[in-house]
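Summary of the model geometry
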Amino acid sequence: MSIESSSDPDSDPTHRDADPLLEGFRRMRQRDPSWREETAEWALFAPEDRDRYVDVRPIGEGGMGQVLEARDRSILRPVAIKTFPAGFDHPAARRRFLTEARITGQLDHPNVVPVHDLKTGADGRPYYVMKRIRGASLAERLRALVEAGSEDGYPLARRLADFVKILDAIAF
């Protein structure tokens, strides 16, 4: 199928207020929390991919979509699939989602998750398939550090090394 030409709104209130698309998405999620469950339905995938991705389950959500984990039966590897949210078909949001996938897909850097594919599902929503990365996010690590009230679980040397990786990816 043809494809036409982010940040987390809940974690940055300044950004959320400044971006009407993300604010609209946040309001839509509050009105209809069932949208999360719709993304795992088979209508999400293009017809040629319905049997390719199995063991699909949600693993997270962000500013403009939900991320699913699946197993790619074609090449026998775990993947992450970012989906455009159901019920939020704003043209500018769709362009932003597709731009994110295309730009990320063009990058080849050890600290940037590689994008394997970009498609449109049978229901008309775009999705893209990425390498599945395991482990805690930086936000989760920092939250645990604050909650623990101690740096023992995330020592300064490790935090600085992670920070250098982030800066390296941004500089790329």
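So, here is what we can say about the structure in this document. (Residues numbered from 1 in each chain as written. Predicted model: local features only at pLDDT ≥ 70, side-chain atom pairs only at ≥ 80, totals over all residues. Heavy atoms only, no water.)

1. A word on a nonpolar patch on the surface
- On the surface, a nonpolar cluster with roughly 530 Å² of combined accessible area is contributed by Leu 138, Leu 142, Phe 163, Ile 166, Leu 167 and Ile 170.
- Looking at the nonpolar patch, the elements that each hand over two or more residues are helix H5 (138-148) and helix H6 (156-171).
- Residue contributions to the nonpolar patch peak at 4 residues, all from H6.
- With respect to the helices, strands and loops of the structure, Leu 142 is situated in helix H5. (Patch = residues over 30% accessible without salt bridge, like charges linked within 9 Å, V, L, I, M, F, W, Y side chains within 5 Å. Areas by Shrake-Rupley, 256 points an atom, 1.4 Å probe, with all protein chains shown as cover. Salt bridge = Lys/Arg side-chain N within 4 Å of Asp/Glu carboxyl O. Helix = DSSP H or I, 4+ residues; strand = E, 2+ residues; numbered from the N terminus.)

2. Looking at the pairing of strand E1 (residues 53-62)
- Two elements, E1 and strand E2 (residues 65-72), share 7 bridges in a ladder whose sense is antiparallel. Looking at the pairing, Gly 62 lines up with Gly 65 of E2.
- Following E1, the chain reverses through 2 residues before pairing antiparallel with E2. (Pairing = 2+ DSSP bridges.)

3. So, the pattern of salt bridges
- Counted under the stated rule, the structure contains 10 salt bridges.
- A salt bridge links Arg 132 to Glu 69, with the nearest nitrogen and oxygen atoms 3.0 Å apart. Of this pair, Arg 132 sits in the loop between strand E5 (126-131) and H5 while Glu 69 sits in strand E2, and the two are 63 residues apart along the sequence.
- For Glu 69, a relative accessible area of 9% corresponds to the buried category.
- The shortest N-O distance in the salt bridge between Arg 125 and Asp 123 comes to 2.8 Å.
- A relative accessible area of 7% means that Arg 125 is categorised as buried.
- Among the charged side chains, a network of salt bridges with common partners joins Glu 48, Asp 49, Asp 117 and Lys 119. (Buried < 20%, exposed > 50% of the residue type's maximum accessible area, 1.4 Å probe, protein only.)

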